[in-house]
Each structure stands twice: as structure tokens, then as C-alpha cells.
Amino acid sequence: MAAPLPALSNPLAPGSPCPLPGTADVGVPWTELGFSLRPTAAHVVMTWSEDTGAWSEPTLESEPYIKVHIGATALHYGQACFEGLKAFAHDDSSVHLFRPTANANRLRSSAKRTVMPELTDELFLSAARTCVAANMGYVPPASSNGALYLRPLLFGSGPRIGLQPSGEYKFVVLATPVGDYYKGGLSPVRGKVVTEYDRAAPRGVGAVKVAGNYAADLLPNIEGKADGFPILLYLDSATQSVVEEFSTSNFIGINREKNEFVTPKSPSVLPSITNLSLQQIAKDMGMTVSVRPVPLSELDDFDEVIACGTAVVVTPVNELTLGDKVYKFGSDEVGEVTMELYRRVREIQQGKAPDNHGWLEKVC
Ligand SMILES: Cc1ncc(COP(=O)(O)O)c(C=O)c1O
């Protein structure tokens, strides 16, 4: 059932009291959320059509379904891309999005590469803020350390039978409350370096967040998990000699002796917003930040390895297996630099440290 936007967007009207986060019944205690898709109050939908050449006014829909033509280009040709970002409640019950314009920017580069209409920062931000405002009760309270995860999705919804861009597109922003992944503290995982599959071709679509990249990674992930590896590291597909990134997170290596934060520079790695934030924090901590090609042989030099991304922020990786070789990083404990980077970024997100870089966008 569709509800008109003005009624549900009232929470953002000037002078309106901001609804309180954490008032909805999510079926489990706020501290038990994990990372799964739970029902919320509404999602935002906008439509672009070649007839108007413009995006429609956003509407809020309460039913989590969308009707698309069976010939939709997203279904046949994978003309689809998405984003992931979080909104955090602070102790004073205000709610803030973390770096949403960086997601807007990345969505535009994904849209451009897959020939879809782009959204301005303003449109993206207004849809994201509306989605948070309509789901304010589902924003986990500050004390739970959780967040409201937003998934903006752009796809070709109009029919084509030959390979061509669609004449109609949907932009959807859905929300789900997620928990503090590390409520028991950070814990290191074992990873595997993938050599039987590639994630991205050198001049392909690895640097954009298109849906097909993730379909291609499902089988390697299932096989990796069956072998006891919860996380997979991909190399460059041309030579398999340079480190690229994990399935859904960027690679960071810490060389403590050199006080260096190293992360791969490659045209087929997704520019992670968490990585950019951690790079800035590392600089604030006085570290040297090197964004450059990372030869596989350099894995021997790292004291700590981190997989970083919005969902979990940082995953400490304490060993990586490549055939018969096992690269070890530090002990079984979480490295001190990893801990400090994690602590600092979480404090900014939760409003417990000053937002010196202007990363928070207040919803209300
Ligand atoms: C392939 C890939 N790399 C890196 C990331 C991390 O990016 P971010 O920190 O913006 O979530 C993600 C998740 O979006 C991803 O899917």
C-alpha cells in the first residue's frame, strides 16, 4: 500500500519535534540485532522515465515489494547498482548519517558506468533523510551501539529484449536496523587468497558497486566458507601478483616499524568510504598513509591486516592462506593499530568524539 510522502515526511518539517529513535518493536532486544533484513515502516521510491527525463517526487511505500516488468533490464542484463550507509543515534537521541554524500558520489560513478540516470547529492540526501525519518523508531538506541543500515538501490525497471539501456529506472532506499557486529569485542578471522576465481577485470567494473560483481562472488564465498575461510582476498586478475581487495571490503596492511598504513591503488578496487575515513584517522594519528600497488610479497611485511567496510567497520585478519603458504599477521589478539583506528571511527560515528572532518549529516 502506498502512502503519500508529505504525511510520513513530517518529522523533517521545520519546527517539528524529532521522533525518538529506538521506539519500534523489532522482535528481538536491540543488542541482539546482528546483520539481517528486518521489516521496517517504509522505503523510499523514485522513478525516472525517458518521457520526462527527470526523477519523480519520492514516495514512501510501506509494503516491501516492487512491481517491475518481466523484461526489466536489471533482471536480464544486470543493469543495477547499490550503496550501503548507516545512521547512528547519539546519546541526546539525535540521529546522524555517516558520510552520505560520499555514497551519493559513488552511486553516480556506478550509474555512469552502467548507463543509468544519475542523482544529485541533493536528491540522494533527501531520499536518505526521508527514509531515516520515516523509520526513526527503528534506529537502534545509542546504548545498543547498533545503527540503521540504509541500502540505496538503482536499477533499470523498464523492458528491453535486445541489449540496450532501459527507458525507466527505479531508485529505492530501504532501511534495516543492524547490531554492533563486535559486541563481544573485535575478533580476528582467517582468510584465503583466491586464485581459482577473479573478482574484477582490469578494465571491467570492479571500481563500481554494480550488482553483478556480487553474484560472481557467491560461489567463491560458499567454497571458501566450506574450507573454513570466512573471508576471501582477491588478487589482480591479469597477473595474480598484486593484492586487490576482499569480497565486500577493502584491504589495509599495517607496517608498525614504518608506522605505515598501506592500501592498494588499483583501477578495479571499489573506493571504500570506510577506508577513506580510516586513512584520514591514520593521518590524524601521525601515520604515513600509502595508497599504491601492493605486491603479494609485501604480505610478509605486515603486522596487522584489516578488511574494512560499512557493515562491520573493521575485520582484523590474522592469517591468509595461499596454497601451502600461510601469511601470519601478529598474534591471535587484535592488533593495537586496528583497535585504535576502530575506536576512533566508532567514537566519531556515535558522537563521542568531535566530528572534525564534517562526516556526520544530522537527520534531526
Ligand atoms: C567490493 C567492496 N569493497 C569495499 C567495500 C567497502 O566499502 P564501504 O566502506 O564504502 O562500505 C564494499 C562495501 O560496500 C564492497 O562491496
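The protein chain appears in an unreviewed UniProt entry as Branched-chain amino acid aminotransferase from Tetraparma gracilis. Of the comments in the UniProt record for the protein chain, the one headed Sequence similarities (unreviewed entry) reads "Belongs to the class-IV pyridoxal-phosphate-dependent aminotransferase family." The UniProt entry for the protein chain carries this comment under Cofactor (unreviewed entry): "pyridoxal 5'-phosphate".

A. Up close: the domain arrangement of the protein chain. Domain boundaries in the protein chain define domain 1 (2-180) and domain 2 (189-349). Averaged C-alpha coordinates put domain 1 and domain 2 at centres separated by 27 Å. On the domain 2 side, the residues contacting the 22 residues of domain 1 number 21 residues. For the pairing of domain 1 and domain 2, the buried interface totals around 1,800 Å² over both sides, and the portion due to carbon and sulfur atoms is 60%. Of all residues in domain 1, Phe82, Phe98 and Arg106 bury the most surface against domain 2, accounting for 33% of the area lost on that side. On inspection of domain 1 and its partner domain 2, the count reaches zero salt bridges. At the junction of domain 1 and domain 2, the tally comes to nine residue pairs in polar contact (both at pLDDT 80 or more). When residues of the side of domain 1 that touches domain 2 are assigned to their parent elements, the largest contribution, six residues, is made by helix H3 (residues 100-113).

B. The packing of H3 against helix H4 (residues 121-134), seen in detail. Viewed as axis vectors pointing N to C, H3 and H4 meet at an angle of 120°, and their least axial separation amounts to 9 Å. Judged on the interaxial angle alone, H4 and H3 are oblique. With respect to the hand of their crossing, H3 and H4 are arranged in right-handed fashion. Across the interface between the two elements, Pro100, Thr101, Asn103, Ala104, Asn105, Leu107 and Arg108 from H3 touch Asp121, Phe124 and Leu125 from H4.

C. Molecular detail of the site of the ligand. Lining the immediate environment of the ligand, one finds 16 residues, of which Tyr214, Glu245, Ser272, Thr274 and Thr310 sit closest. In this structure, an oxygen atom belonging to the ligand sits 2.8 Å away from a side-chain N or O atom of arginine 106. The side chain of serine 272 places a nitrogen or oxygen atom 2.7 Å from an oxygen atom of the ligand. In isolation the ligand exposes 390 Å². Once the protein is present, 96% of that is buried. A breakdown of the residues in the shell around the ligand according to their chemical character gives four nonpolar, eight polar and four charged.

D. The nonpolar core, seen in detail. Counting 41 residues, the largest nonpolar core has Trp55, Leu97, Val132, Leu148, Leu150, Leu154 and Phe171 as the members making the most contacts within it. A per-element tally of this core places H4 first, with six residues. What valine 132 contacts, discounting residues up to four positions off in sequence, is Ala87, Val95, Leu97, Val139, Leu148, Leu150 and Val363. With 28 residues, the next largest nonpolar core counts Tyr182, Ile281, Met287 and Val337 among its residues.

E. Spotlight on the confidence of the model for the protein chain. Taken over all residues, the pLDDT of the protein chain has a mean of 95, while the share at 70 or more is 96%. Low confidence marks residues 4-10, where pLDDT is under 50. Its contacts with residues over four positions away, or in another chain, come to ten contacts.

F. Spatial organisation of the pairing of strand S8 (residues 147-156). Of all the ten residues making up S8, eight are buried; the element is thus mostly covered by neighbouring parts of the structure. Two strands pair when backbone bridges link them, and strand S5 (residues 80-82) and S8 are joined in this way by three bridges, in the antiparallel orientation. Bridge assignment links cysteine 81 to a residue of S8, and that residue is leucine 154. Pairing of strand S6 (residues 85-89) with S8, which is carried by three bridges, proceeds in the antiparallel orientation. Its bridge partner being in S8, lysine 86 is matched across the sheet by tyrosine 149. Pairing between S8 and strand S9 (residues 168-178): ten bridges, direction antiparallel. Bridge pairing in S9 links leucine 154 to phenylalanine 171.

Each value, and the rule that gives it
- Residues numbered from 1 in each chain as written.
- Predicted model: local features only at pLDDT ≥ 70, side-chain atom pairs only at ≥ 80, totals over all residues.
- Heavy atoms only, no water.
- UniProt positions renumbered as here; feature names shortened; annotations may be inferred.
- Domains from an automatic or database assignment.
- Contact = heavy atoms within 4.5 Å.
- Buried area = accessible area lost by both parts, 1.4 Å probe.
- Salt bridge = Lys/Arg side-chain N within 4 Å of Asp/Glu carboxyl O.
- Polar contact = N/O pair within 3.5 Å; in protein donor to acceptor, adjacent residues only side chain to side chain.
- Helix = DSSP H or I, 4+ residues; strand = E, 2+ residues; numbered from the N terminus.
- Axes fitted to C-alpha atoms, helices over the stretch in contact; angles between N-to-C directions.
- Parallel < 35°, antiparallel > 145°, perpendicular 65-115°, else oblique.
- Left-handed = near helix turned anticlockwise from the far one by under 90°.
- Near = heavy atom within 4 Å.
- Areas by Shrake-Rupley, 256 points an atom, 1.4 Å probe, with all protein chains shown as cover.
- Nonpolar A, V, L, I, M, F, W, Y, C, P; charged D, E, K, R; others polar.
- Core = buried A, V, L, I, M, F, W, Y, C linked by side-chain atoms within 4.5 Å.
- Buried < 20%, exposed > 50% of the residue type's maximum accessible area, 1.4 Å probe, protein only.
- pLDDT = per-residue confidence, 0-100.
- Pairing = 2+ DSSP bridges.

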